[in-house]
Amino acid sequence: MVYGIMDIPPWYLCILLGIQHFLTALGGLVAVPLILAKNLCLQHDPLSQSYLISTILFVSGICTLLQVFFGVRLPILQGGTMAFIAPSLAMLSLPAWKCPKWMLNASLVNTSSPEFTEEWQKRIRELQGAIMVASCVQMLVGFSGLIGFLMRFIGPLTIAPTITLVALPLFDSAGNDAGMHWGIAALTIFLIVLFSQYLKNVTLPVPVYGQQKKCHTSKFHVFQVFPVLLALCISWLTCFGLTFTDVLPSAPTAYGHLARTDTKGSVLSQAPWFRIPYPGQWGLPTISLAGVFGIIAGVISSMVESVGDYHACARLVGAPAPPRHAINRGIGIEGLGCLLAGAWGTGNGTTSYSENVGVLGITQVGSRMVIVAAGCVLLLMGVFGKIGAAFATIPTPVIGGMFLVMFGVITAVGISNLQYVDMNSSRNLFVFGFCIYCGLAIPNWVNKNSEKLQTGILQLDQVVQVLLTTNMFVGGFLGFLLDNTIPGSAEERGLLAWNQIQEESQETSTAFEVYGLPCGIGTKFCTSSCVQCLPFWPRLEGGGKGEVEVSSTDFSGDRHKNDLETRM
């Protein structure tokens, strides 16, 4: 690793790396409001769409800072979750929430009228209420330690298909985005591969300012640290030049039109310069049973994905495996984030972003402070509407090319968890292969034949459909079920090495440094025995009350960077 989890890069590097993480998550963050826009009756109101985009950026920044400082404490970005999209669309497809015909006709829509405003806002208020109730379930599961208890039964054969199926089914959407102009997408892919793989050991002189040496130059691994940001900027500028010279077609139906940088100009022109989102901006949330049950199904899928992301992130940054108390806190804070997202009215919840876990593997920068900078960038983008709208104009094929690389890295990280498992065992080959295949086949069939699963109970139908169309839930659940029921030794299942890692993580001072709470919480303050019994509280080691024996482990030294690279 160039920078480990405890390292603090220079402030200017933190800002640039934070922007890189923001750009990586931008496609998913912007996609959520745009996907919901049609069912919210906002397809002819780009200004309200930009408000939703600013709101989800702002709330994602708050949730990211909460997760880094008080949650699992790994460098994981928080953002909107696709797991909530399916139940949200299912709820908005009910007869009571279908858009009136006059709202579908652009010539009849007056976006400034009170009637139009009330029509779309009452729909998002319904989403808000369902998300807020479902988030309480997630907080209960996390802070009560239930998810930590389940981790005793979740081994590599559960984690591997779960992480793999986070990215593997997205080949269709990533391919469609890249297919808007394969030339631009191929350029983006080529540049990311060139910078991150072929030129990663090349150093360039950069100006540096220090206390001892004022202004001087120092050699820096620019390509290894900024491969995604450099590739995006170069591809973006290429698209701008091709748009300016009218090389790219201007007809909306022509191939390559979405590679133009002026296709999303309406968002930029209508977005305000300054707007602070606030809780209850769309009105008082409402609650329906159907919506709550559907969103709870999305919460289950989101939690399974997040547990896998925690382990993947820890592996990529060379940190110890997250102990149970850290996982409990992480899931609980994600539930709190969903509660805040519901209160602010994003129309969605929050979860750990797998795309940004892939960035950690490519850039080899796992510093926690970089994600803090990314959270601050998200906050600023949510407040300054014009800046956020400008980033939203990144052409679709550029984002598609970036996703092809990122999702490939995430898939490989998921499969890498099988290193703990005896893959010469026919039992393990069956479990993993069957889970991956069913995780792709079952959701595909359910999406095409949802009417064959109708029970006549609307709430039950929504829950069943959401669960069975979520690839990572299907694969992860089958892995959990088969791994815990088919006979096999602990060594064969990988639990021996897996549990040893968990125990080592809890026993070493390194784990306490990484996953302990900040500002002396748990070491100088709140050290009573009652607090220590909480499932999400880090355990004190060594000494007595209020004392902790922490070794002089220094993640910032070169020797320890080499140790982390060896572990990788």
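Located above this text is the structure these notes cover.
Residues numbered from 1 in each chain as written. Predicted model: local features only at pLDDT ≥ 70, side-chain atom pairs only at ≥ 80, totals over all residues. Heavy atoms only, no water.

**What to know about the overall build of the chain**
Moving on, step 1. For the chain, the count of helices and strands is 25 helices and four strands.
Moving on, step 2. Within the chain, the fraction of its 568 residues that count as buried is 56%.
Moving on, step 3. Carbon together with sulfur atoms contributes 66% to the accessible area of the chain, which is approximately 23500 Å² in total. (Helix = DSSP H or I, 4+ residues; strand = E, 2+ residues; numbered from the N terminus. Buried < 20%, exposed > 50% of the residue type's maximum accessible area, 1.4 Å probe, protein only. Areas by Shrake-Rupley, 256 points an atom, 1.4 Å probe, with all protein chains shown as cover.)

**A short note on the state of the cysteines**
Moving on, step 1. One pass over the full model with this rule turns up one disulfide.
Moving on, step 2. One disulfide in the model links C41 with C99; its S-S distance is 2.0 Å. Its torsion about the S-S bond being -100 degrees, the disulfide of C41 and C99 is classed as left-handed. Here C41 is found in the loop between α1 (11-37) and α2 (46-70), whereas its partner C99 is found in the loop between α3 (85-92) and α4 (114-143), with 58 residues between them in sequence. We note that C41, like C99, is buried.
Moving on, step 3. For the unlinked cysteine C438, the closest cysteine sulfur is that of C435, found at 7.3 Å. (Disulfide = S-S within 2.5 Å.)

**Side note on the environment of G294**
Moving on, step 1. Inspection of the secondary structure puts G294 in helix α12 (residues 289-316).
Moving on, step 2. Residue class for G294 comes out buried when judged on its relative accessible area of 1%.
Moving on, step 3. A C-alpha to C-alpha distance of 9.1 Å links G294 and L467, two positions 173 residues apart in sequence.

**Remarks on helix α7 (residues 171-178)**
Moving on, step 1. Along α7, the residues classified as buried are A174, G175 and A178. All buried residues of α7 lie within an arc of 100 degrees about the axis, which places them on one face of the element.
Moving on, step 2. The elements touched by buried residues of α7 are α8 (182-198) and α17 (396-416). (Arc of directions from axis to C-beta. Contact = heavy atoms within 4.5 Å.)

**A closer look at the packing of aromatic side chains**
Moving on, step 1. The full count for this structure, using the stated rule, is 11 aromatic pairs.
Moving on, step 2. Ring centres of F195 and F223 lie 5.3 Å apart, and the angle between their planes is 20 degrees; on these two criteria the pair is classed as stacked. One end of the pair, F195, is in helix α8; the other, F223, is in helix α9 (residues 222-225), and 28 residues separate them in sequence.
Moving on, step 3. Judged by relative accessible area, F195 falls into the buried class, the value being 7%.
Moving on, step 4. Here F240 and F244 contribute two aromatic rings whose centre-to-centre distance is 6.4 Å and whose plane-to-plane angle is 20 degrees, an arrangement assigned as stacked. Within this pair, F240 and its partner F244 are both found in helix α10 (residues 227-244), separated by four residues, close to a single helical turn.
Moving on, step 5. With relative accessibility at 69%, the residue F244 sits in the exposed group.
Moving on, step 6. Each residue in the set F143, F536 and W537 is aromatic and connected to the rest through ring pairs, giving one cluster.
Moving on, step 7. Here the guanidinium or amino end of R275 rests over the ring plane of Y51, the centre of that ring lying 4.2 Å away. (Phe/Tyr/Trp six-rings, centres within 6.5 Å; stacked < 30°, edge-to-face > 60°. Lys NZ or Arg CZ within 6 Å of the ring centre and 35° of its normal.)

**Re the side chain of S60**
Moving on, step 1. Relative to the elements of secondary structure, S60 occurs in helix α2.
Moving on, step 2. Here I56 takes part through its backbone oxygen, which lies 2.6 Å from a polar atom of the side chain of S60.
Moving on, step 3. For S60, the residues in contact, after removing those within four places along its chain, are L29, Q78, G79, G80 and L378. (Polar contact = N/O pair within 3.5 Å; in protein donor to acceptor, adjacent residues only side chain to side chain.)

**Description of the nonpolar core**
Moving on, step 1. By size, the foremost hydrophobic cluster in this structure holds 112 residues, and its most contacted members are F22, L74, F226, A319, M402 and Y515.
Moving on, step 2. Ranked by size, the runner-up nonpolar core spans 20 residues in total, among them L36, L42, L52 and W97. (Core = buried A, V, L, I, M, F, W, Y, C linked by side-chain atoms within 4.5 Å.)

**Things to note about the packing of α4 against helix α13 (residues 324-344)**
Moving on, step 1. Put simply, α4 and α13 touch, their axes get as near as 7 Å, and they point 165 degrees apart. When the interaxial angle is binned, α4 and α13 end up roughly antiparallel. The two elements α4 and α13 cross, and the hand of that crossing is left-handed.
Moving on, step 2. When grouped by side-chain class, the residues that make up the contact of α4 with α13 number 11 nonpolar, eight polar and two charged. (Axes fitted to C-alpha atoms, helices over the stretch in contact; angles between N-to-C directions. Parallel < 35°, antiparallel > 145°, perpendicular 65-115°, else oblique. Left-handed = near helix turned anticlockwise from the far one by under 90°. Nonpolar A, V, L, I, M, F, W, Y, C, P; charged D, E, K, R; others polar.)

**Comments concerning the pattern of salt bridges**
Moving on, step 1. Taken as a whole and assessed by the stated rule, the structure comprises seven salt bridges.
Moving on, step 2. E119 is the partner of R123 in a salt bridge, and the nearest nitrogen-oxygen pair spans 2.9 Å. Pair noted here: R123 and E119 are both in helix α4, with a separation of four residues, about one helical turn. Just as R123 is buried, E119 falls in that class too.
Moving on, step 3. Close ionic contact of R260 with D246 constitutes a salt bridge, the shortest N to O distance being 3.5 Å. Remark: D246 occurs in the loop between α10 and α11 (265-270) and R260 occurs in the loop between α10 and α11; sequence separation between them is 14 residues.
Moving on, step 4. For D246, a relative accessible area of 55% gives the class exposed.
Moving on, step 5. Each of E119, K122 and R123 takes part in one network of salt bridges that share partners. (Salt bridge = Lys/Arg side-chain N within 4 Å of Asp/Glu carboxyl O.)

**Points about a nonpolar patch on the surface**
Moving on, step 1. Nonpolar side chains collect at one region of the surface, where W273, F274, I276, L380, F384 and I387 lie side by side and expose about 640 Å² of accessible area between them.
Moving on, step 2. Mapped onto the elements, W273 comes out in the loop between α11 and α12.
Moving on, step 3. With relative accessibility at 63%, the residue W273 sits in the exposed group. (Patch = residues over 30% accessible without salt bridge, like charges linked within 9 Å, V, L, I, M, F, W, Y side chains within 5 Å.)

**Concerning unusual backbone geometry**
Moving on, step 1. For C41, which is not a glycine, the phi torsion comes out positive at approximately 65 degrees.
Moving on, step 2. Among the residues examined, C41 registers a relative accessible area of 1% and is labelled buried.
Moving on, step 3. For R73, which is not glycine, the phi dihedral falls at a positive 70 degrees.
Moving on, step 4. Relative to the helices and strands, R73 is located in the loop between α2 and β1 (78-79).
Moving on, step 5. Classification of R73 by relative accessible area gives buried; the value is 7%.

**Thoughts on the packing of helix α6 (residues 156-167) against helix α20 (residues 471-485)**
Moving on, step 1. It is the contact of α6 with α20, at a shortest axis distance of 8 Å, that shows an interaxial angle of 170 degrees. In this view, α6 runs roughly antiparallel relative to α20, as classed from their interaxial angle. For the pair α6 and α20, contact is made by L157, T158, P161, T162, L165 and V166 and by N471, M472, G475, G476, G479, F480 and D483, respectively.
Moving on, step 2. Residue composition of the contact of α6 with α20, grouped by class: six nonpolar, six polar and one charged.

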